[in-house]
Amino acid sequence: MVDFSDIKGFTFDLDGVITDTAKFHEQAWRQLASELHVNWSDELGNQLKGIGRMDSLNMILAASGEQDKYSEEEKQAFTVQKNTHYVELIQKITPADILPGITAFLAEIKDRGYVASIASASKNAPKILEKLGITDNFVGIVDPATLSHGKPDPEIFIKAGQLLQLEPHQIIGLEDASAGVQAIKAAGQTALGIGESAKSADPQLWVESTVEITLEKIEHELMISENKV
Ligand code: B16
Ligand code: MG
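Let me begin by describing the structure that accompanies this report. In this text, all values refer to a predicted model and were calculated from it rather than measured experimentally.

### Considering helix α10 (residues 215-225)
Turning to step 1, where the next piece is worked out: Buried residues of α10: Leu-215, Ile-218 and Leu-222, and no others. Each buried residue of α10 sits inside an arc of 65° when the element is viewed along its axis, so together they form one side.
Turning to step 2, where the next piece is worked out: Contacts from the buried residues of α10 go to β1 (9-12), α5 (102-111), β4 (171-175), β5 (190-194) and β6 (205-207).

So this is what it looks like as structure tokens:
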């Protein structure tokens, strides 16, 4: 476990950490699933959190045993259709959609000289950050189109750490998805998990909700885990 004084930056997942775009992803996937006459369940919706676009479609088709029914071209067209619907839905995002506590935390880390970057599987991340009015809080956004592997592979968090120009032990990664927590830990960063899904991957730090995230809380939790208090 690292010392709080070593920490110089943060890598942020987007959906479920900064804002709740999952509800829009779910709406768009549900609509597509209904048009393709495949099954949908809340459990399936949860499993798609943090998973890239084509992998999500493959999981939806596989849940109904239809993973081999369509050609790559057809599947590509389905993901475009889903994304067109999703992009329509996210037009209504405003700064009021930032999750509780996150605006204050971003201000706090900026004031104290920490750097931050985005490690989101979403190709729509730049658009969403702009709508939320927080683009300037981040030194960079990893382009998911440049990745060979999705979460739980560490690649996206390694690249987000490189954007910060910091070593892994100087970074805390924030994630709500189990696959994301695994990716942070595999990248050698300290994972701050948020919510139940993240807990299952045993992050070094954990909060139930974004509202709890402050530098003071992080410092305190790191000290407890080091048995210093
Ligand atoms: P897009 P995150 C993920 O965001 C979402 O949780 C996941 O549901 C979505 O399929 C994925 O981004 C790709 O998003 O279709 O917009 O490129 O949690 O990694 O910020
Ligand atoms: Mg997420």
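### Quick look at the site of ligand 1
Turning to step 1, where the next piece is worked out: As a structural note, the neighbourhood of ligand 1 is formed by 18 residues, with Gly-50, Ile-51, Ser-120, Ser-122 and Asn-124 the closest of them.
Turning to step 2, where the next piece is worked out: Within the contact set of ligand 1, an oxygen atom lies 2.7 Å away from a backbone nitrogen or oxygen of Ile-51.
Turning to step 3, where the next piece is worked out: For ligand 1, the protein covers 99% of the area, taking 470 Å² as the surface of the free molecule.
Turning to step 4, where the next piece is worked out: Broken down by secondary-structure element, the contributors of at least two residues to the shell around ligand 1 are α3 (53-63) and α4 (72-90).
Turning to step 5, where the next piece is worked out: For the shell around ligand 1, the domains that each give at least three residues are domain 1 (4-20 + 94-228) and domain 2 (22-92).

### Points about the packing of α4 against helix α6 (residues 125-132)
Turning to step 1, where the next piece is worked out: Where α4 contacts α6, the axes come no closer than 11 Å and their chain directions differ by 10°. Between α4 and α6, the crossing angle belongs to the class labelled roughly parallel. Here α4 contributes Tyr-86, Val-87 and Ile-90 to the contact with α6, which in turn contributes Lys-127, Ile-128 and Lys-131.
Turning to step 2, where the next piece is worked out: Per-class residue counts for the contact of α4 with α6 are 4 nonpolar, no polar and 2 charged.

### Some thoughts on α3
Turning to step 1, where the next piece is worked out: Looking at α3, one finds that the buried residues are Ser-56, Leu-57, Ile-60 and Leu-61. All buried residues of α3 project into a common sector of 130° when viewed along the axis, lining one side.
Turning to step 2, where the next piece is worked out: In the core, the buried residues of α3 are packed alongside α1 (22-35), α2 (42-47) and α4.
Turning to step 3, where the next piece is worked out: Phi turns positive, to about 70°, at Gly-65, one or two residues after α3.

### Some thoughts on the pairing of strand β2 (residues 115-118)
Turning to step 1, where the next piece is worked out: In this sheet, β2 lies alongside β1 in parallel orientation, the contact comprising 4 bridges. Within β2, the residue paired with Gly-9 across the bridge is Val-115.
Turning to step 2, where the next piece is worked out: Summarising the sheet, β2 and strand β3 (residues 140-141) pair through 2 bridges and their orientation is parallel. Following the sheet pairing, Ile-118 is matched in β3 by Ile-141.
Turning to step 3, where the next piece is worked out: Considered for its hand, the β-α-β crossover made up of β2, α6 and β3 is right-handed.

### Let's talk about the packing of aromatic side chains
Turning to step 1, where the next piece is worked out: Following the criterion strictly, the structure yields 6 aromatic pairs and no others.
Turning to step 2, where the next piece is worked out: Within the aromatic cluster, the residues linked to one another by ring pairs are Phe-10, Phe-12, Phe-105, Tyr-114 and Phe-138.
Turning to step 3, where the next piece is worked out: Over the face of the ring belonging to Tyr-86 we find Lys-82, whose NZ or CZ atom lies 4.6 Å from the ring centre.

Reading the values: the criteria
Residues numbered from 1 in each chain as written. Chains lettered and ligands numbered in written order. Predicted model: local features only at pLDDT ≥ 70, side-chain atom pairs only at ≥ 80, totals over all residues. Heavy atoms only, no water. Buried < 20%, exposed > 50% of the residue type's maximum accessible area, 1.4 Å probe, protein only. Helix = DSSP H or I, 4+ residues; strand = E, 2+ residues; numbered from the N terminus. Arc of directions from axis to C-beta. Contact = heavy atoms within 4.5 Å. Near = heavy atom within 4 Å. Polar contact = N/O pair within 3.5 Å; in protein donor to acceptor, adjacent residues only side chain to side chain. Areas by Shrake-Rupley, 256 points an atom, 1.4 Å probe, with all protein chains shown as cover. Domains from an automatic or database assignment. Axes fitted to C-alpha atoms, helices over the stretch in contact; angles between N-to-C directions. Parallel < 35°, antiparallel > 145°, perpendicular 65-115°, else oblique. Nonpolar A, V, L, I, M, F, W, Y, C, P; charged D, E, K, R; others polar. Pairing = 2+ DSSP bridges. Right-handed = clockwise from strand over helix to strand, strands pointing away. Phe/Tyr/Trp six-rings, centres within 6.5 Å; stacked < 30°, edge-to-face > 60°. Lys NZ or Arg CZ within 6 Å of the ring centre and 35° of its normal.

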